[in-house]
Amino acid sequence: MPLTGRSKLQNERASINQQIIRQMRMRAGAENLLRATSNNKVCEMVGLELSYINSNLQLLMEQLEGLNSSVDVYQNIQETSSIPLIPLGLKETKEMDFSVSFKDFILEHYSEDGSSFEEEIADLMDLRQACRTPSRNDAGIETLAKYFSHMPLLESRFFSASRPMGVFFTWYDSFTGVPVCQQNPSLEKASILFNIGALYTQIGTRSNRQTAAGLQVAIAAFQKAAGVLHHLKETFTHTPSYDMSPSMLSMLIKLMLAQAQECLFEKIALSGIRNEFFSLLKMAQEAAKVGDTYDQVHQSMIQTPIKDNVPFFWSTMAQVKTNHYRSLAHYFLATALLDHQLRPSDDEDQQEKALSQAYDAMPDGRSALDILRKREERRRVGKAHLRRAVMGHEQGLRIHGLCRHLRKLDVLQDILQASHKRSLAKFNDNDREDEFTDYLEAPDIISKTEHKAEMESPMSTKVKVTDFFRRLGPLSVFSAKLRWTAPRTVRLRLEDRDLGFTLRGDPVPVQVTSLDPLCPAAVDGLKDGDYIVAVGDADCKWMVVSEVMRLLKNVDEDGIDIRVVSLMDSGLPMVRSALCATYCGGIPKTYSMICLAFDDDKSPKGRKVTKKGSFLSWGVKNHLKSSSTLSLPTADYSGTLPWNKPCPTFPSSSSYNDPALY
C-alpha cells in the first residue's frame, strides 16, 4: 500500500527523532566524561566532539522545523484559491510490548495465569499501534478516543503506586523531537489527548473550503481542537514535554481559534460580498476581527521560550495573515466610502451610526455625518484607507519573502499579490495629479463579528469501552491498588442444615459475612470478609448473590469446593516514581526529568496524597447501588427455605477502590 504524503512526513519525523535521541545520548556521555576527567588533552578532544554533536543537533532541529513547516501535504488536494492553514503534527511514540510486564503482574498480583490473557494483551497492543497512524477522519478520532478511554481502566488494573510495572512510555516532543520516557501512564494519556487535538487540526486543514459544507467541517474541527487542547491544559500540569506545557498550549488554542475565525470569515464571503454600504462595513469589521486574532497569536509566538520552539514558519504565517486581513478591512471600508455616495433615499441616520461604530475616533476629528455628506471628504478618507491597505499588503509580501518555507506556498503568494494589486488599482483610480499633499491618516477599524469562534468540547472523546481485562473481576475490588491473599480452596459442608455464614454482594463480587467461627467452613480456613471467586468450576467474580446461591443451594452431604481471596492491608504509603507527569487529580506537582536511559529514581517516602475526582474518568463509571444483605438457606432438599441469619451493616466494597479516582 503506497504511503500518503502525510505518512511519509510522519516517517521522516520519526527518523529525525531517532537521530536526535542518538545525538543527545552521545552528548550526555561526552558531558559526563568532561566532568569526570582532569586531563587537558581528553578535555580538548571531548570539547571538539561536543561541538560536532551540537552542530548535528542544530541541523536535525532545522530539518524537523522544515517538516513542521510542510503544511502543503495537509491541505485539501483540490484547494487552489484559499490561504493555507497550519495543522499540528502528531506526537511520535515508540512501539510497545506489554506482554511480559502484564503477564508477570497478572500472575504476581492477581494469582492467575498470565498466558491465558494473551489475546486481550494482543488486542490492547493492536489498538495502541493503530493510534500511532490514525486515519485523518472521524474513524481516526474514534481510535484515539477508544484507547484514551481504556487508559483509566489499565491504570487501575496494572499501575500501582507501590510497585513499578517496568513499562516505559516514550513520546517525542512534536516541535523539538526531544524524547520523554516515563513509567507513569499520565504521559501516555496526555500525549494521546494531544494527538486527538492534532488530528482535529489535520481534519480542518484537509476539508474543502470552497464549499459551505467543507467550511463548516473546518470550523467545527478547529473549535474541537481548541477544546481538546484546553482540556489537556486544565487537566495536566508540569508535563515533561514542552509541546504540552501551559504556555505552549495557550498559544496553540489561540491559533486554532484564529483559524476557526478565518474559516467563519470565508464562509460569510463564500457566496460573494455585495457592493453595498452596510455589507462592506460589516465585512470590514469581520476582516479586522480575523486580523486581530492572528495578531494575538503572533504576539504569543514571539514570547520566550515559545519562540525558541515554534517553527519560524508559523510566526511568519501569523504575521502575514495579520497584515493581510487588516488590509482587507481597510479595502472594504474604503470601497464603501468611495463607491457609495449618500442619496436622498438613503437612511442617513443608519449610515452615520454604522460608520461611527467602525472607529474608536473619527479621522482627523471629522464627524461621521460630514464624511457621508461631503463627496470630497468621503474620497479623502477612502483614499487614506486604501493607502493603509496598500501598505499593509506590501508589508505582508515583504514578511512573506523572509521565510523560505512560506515562499514555497505559491497559492499564498498569488493571493497576497492579487490583493495588493486590487488595492493599488483602486487607489490609482481615485488619485488625482493635482493632489500633492494629503496627510490624512486612516484610523484603525474596530473589529467586530457576528459569529465568534469558541472552544468546543468534542463528545467523540467520551467513548464507552469494554475492559480488556474484565475476566480479572470487578474493577472496584480487583485493581492494582488492593492486595489479596492467593486464592484458597475451602470445602463447604452442611451442618444442621446451615452453611454457617451469610452472603453480601451488591455490587459484585459476593462477600462472606456473619461467619460462624465454629462452622466447618471456618475450620477449613474461611474468613469473615472473604470474596468468593469460584464455586466448583464456575467463576463467580461477576455473579450477584442470587446467582451464587443458585450454585450453593444444591450442596449435597459431600459438600462443594469454593475458592476465596482475603483482602490484605492496603494502607501502604504512597510511593510515586520521580519520573511522573503531574496530573491535577492530586498527584504532587513536580517537573519530570527527561529520561534517555531507563533508570528508576526513588522518590521521597511517606508522601501524603489527597485523592480527588478525576477529570479524565471518561468511559469509566462507578455504579454504586444499595447493598442487599442475604443469608444462605438451610439445606432443605425439598425446596427453598426462608433466610435464617441476619447480616450486619458492611461498607460497600466499591469504597475500597473508586475507579473514578487516581
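Quick notes on the rules
What you see as residue numbers is a count from 1 along each chain, following the sequence as written. For this predicted model, a pLDDT threshold of at least 70 governs which residues receive local features, and a threshold of 80 or more governs which side-chain atom pairs are given and counted, while totals over whole chains, interfaces and linings are taken from all residues. Computation of side-chain values: all heavy atoms of the structure, hydrogens and water removed. Angles run from 0 to 180 degrees between N-to-C directions of axes, and those axes are lines fitted to C-alpha atoms, restricted for helices to the stretch in contact. By definition, any uninterrupted DSSP run of H or I lasting at least four residues is a helix, any uninterrupted run of E lasting at least two residues is a strand, and each is numbered from the N terminus. The cut-offs work like this: below 35 degrees is roughly parallel, past 145 is roughly antiparallel, 65 to 115 is roughly perpendicular, and the gaps in between are oblique. Working rule for contacts: check all heavy atoms of both residues, and any pair within 4.5 Å makes them a contact. Charged residues are taken to be Asp, Glu, Lys and Arg, nonpolar residues to be Ala, Val, Leu, Ile, Met, Phe, Trp, Tyr, Cys and Pro, and polar residues to be all remaining types, Gly included. Burial status follows relative accessibility: with a 1.4 Å probe on protein chains alone, a residue under 20% of its type maximum counts as buried, one over 50% as exposed, and anything between as partly exposed. Each pair of strands is called paired provided DSSP finds at least two bridges between the two strands. When two rings of Phe, Tyr or Trp (its six-membered ring) have centres within 6.5 Å they constitute a pair, described as stacked for plane angles under 30 degrees, edge-to-face for angles over 60, and tilted for the intermediate range. Whether a charge lies above a ring is judged from NZ of Lys or CZ of Arg, which has to be within 6 Å of the ring centre and within 35 degrees of the ring normal. To form a nonpolar core, buried Ala, Val, Leu, Ile, Met, Phe, Trp, Tyr and Cys residues must be joined to one another through side-chain atoms within 4.5 Å. What marks off one domain from the next here is an automatic or database domain assignment. Think of a salt bridge as a Lys or Arg side-chain nitrogen and an Asp or Glu carboxyl oxygen that are within 4 Å of each other. Under this definition, polar contacts are N or O atom pairs within 3.5 Å; protein pairs additionally need one hydrogen-donor-capable and one acceptor-capable atom, and for neighbouring residues in sequence, both atoms have to be side-chain atoms.

Turning next to the packing of helix 3 (residues 99-110) against helix 5 (residues 138-158). A pair of packed helices can be characterised by two numbers: the angle between their axes and the separation between those axes. Where helix 3 meets helix 5, the closest approach of the two axes is 11 Å, and the angle between their N-to-C directions is 50°. On the basis of their axis angle, the class for helix 3 and helix 5 is oblique. Together, Phe102, Phe105, Ile106 and Tyr110 of helix 3 and Leu154, Ser156, Arg157 and Phe158 of helix 5 make up the contact between the two elements. Classifying every residue of the contact of helix 3 with helix 5 by side-chain character gives six nonpolar, one polar and one charged.

To continue, consider the pairing of strand 1 (residues 169-172). Residue alternation in strand 1 divides its side chains into two sets, Phe169 and Trp171 and Thr170 and Tyr172, and both sets are buried. Bridge count for strand 1 against strand 2 (residues 179-182) is four bridges, and the pairing is antiparallel. Each bridged residue has a counterpart across the sheet, and for Trp171 the counterpart in strand 2 is Val180. The turn linking strand 1 back onto strand 2 is made up of six residues, and Gly177 within it adopts a positive phi angle of 75°.

Turning our eyes to something else, we now look at unusual backbone geometry. The linkage connecting Thr304 with the following residue, Pro305, adopts the cis geometry, with an omega of 0°. Turning to its location among the elements, Pro305 is positioned in the loop between helix 9 (277-301) and helix 10 (312-339). Despite not being glycine, Ser111 has its phi angle at roughly 55°, a positive value. Turning to its location among the elements, Ser111 is positioned in the loop between helix 3 and helix 4 (118-132).

The next subject is the environment of Lys421. Looking at the secondary structure, you find Lys421 in helix 15 (residues 410-429). Separated by 31 residues in the primary sequence, Lys421 and Val390 have C-alpha atoms spaced 8.3 Å apart.

Following the criterion strictly, the structure yields 15 aromatic pairs and no others. Consider the rings of Phe98 and Phe169, whose centres lie 6.5 Å apart with planes at 55°: the pair is tilted. Here the residue Phe98 occupies a position in the loop between helix 2 (40-68) and helix 3, and Phe169 occupies one in strand 1, the gap between them amounting to 71 residues. Each of the two residues, Phe98 as well as Phe169, counts as buried. Between Tyr110 and Trp484 the ring centres are 5.9 Å apart and the planes differ by 35°, which places this aromatic pair in the tilted class. Separated by 374 residues along the polypeptide, Tyr110 in helix 3 and Trp484 in the loop between helix 15 and strand 3 (488-492) bring together distant segments of the chain. Just as Tyr110 is buried, Trp484 falls in that class too. The structure contains a cluster of three or more aromatic residues connected by ring pairs, namely Phe98, Phe102, Phe105, Tyr110, Phe117, Phe158, Phe159, Phe169, Phe469, Phe478 and Trp484. Over the ring of Phe117 we find Arg471; its NZ or CZ atom is 4.1 Å from the centre of that ring.

With 127 residues, the main nonpolar core has Phe102, Phe158, Leu252, Trp314 and Phe469 as its most contacted residues. The biggest single contributor to this core is helix 10, with 15 residues. A domain-level breakdown of this core finds at least three residues from each of domain 2 (276-451) and domain 3 (485-566). Not counting chain neighbours up to four residues away, the residues in contact with Phe158 comprise Phe102, Phe105, Ile106, Met165, Phe469, Leu472 and Ala480. Judged by nonpolar contacts, the second largest core, of 23 residues, contains Ala522, Ile532, Cys540 and Ile562.

Glancing now at the environment of Leu416. One can find Leu416 in helix 15. With a relative accessible area of 2%, Leu416 lands in the buried category. Along the primary structure Leu416 and Val320 are separated by 96 residues, whereas in three dimensions their C-alpha atoms are 9.0 Å apart. Not counting the four nearest positions on each side in its chain, Leu416 is found in contact with Val320, His324, Gly396, Leu397 and His400.

This next bit is on the pattern of salt bridges. For the coordinates displayed, the defined rule picks out 22 salt bridges. Across the salt bridge formed by Arg209 and Glu266, the nearest N and O atoms sit 2.6 Å from each other. Here Glu266 lies in helix 8 (residues 246-270) and Arg209 lies in the loop between helix 6 (185-206) and helix 7 (212-235), a separation of 57 residues in the sequence. This pair shows no difference in class: Arg209 is buried, exactly as Glu266 is.

If you trace the backbone, Glu262 turns up in helix 8. Within the structure, the side chain of Glu262 is placed 2.4 Å from the side chain of Tyr294, a separation counted as a polar contact. Ignoring sequence-local partners within four residues, the contact set of Glu262 consists of Ile83, Leu85, Arg209, Val290, Tyr294, Lys321 and Tyr325.

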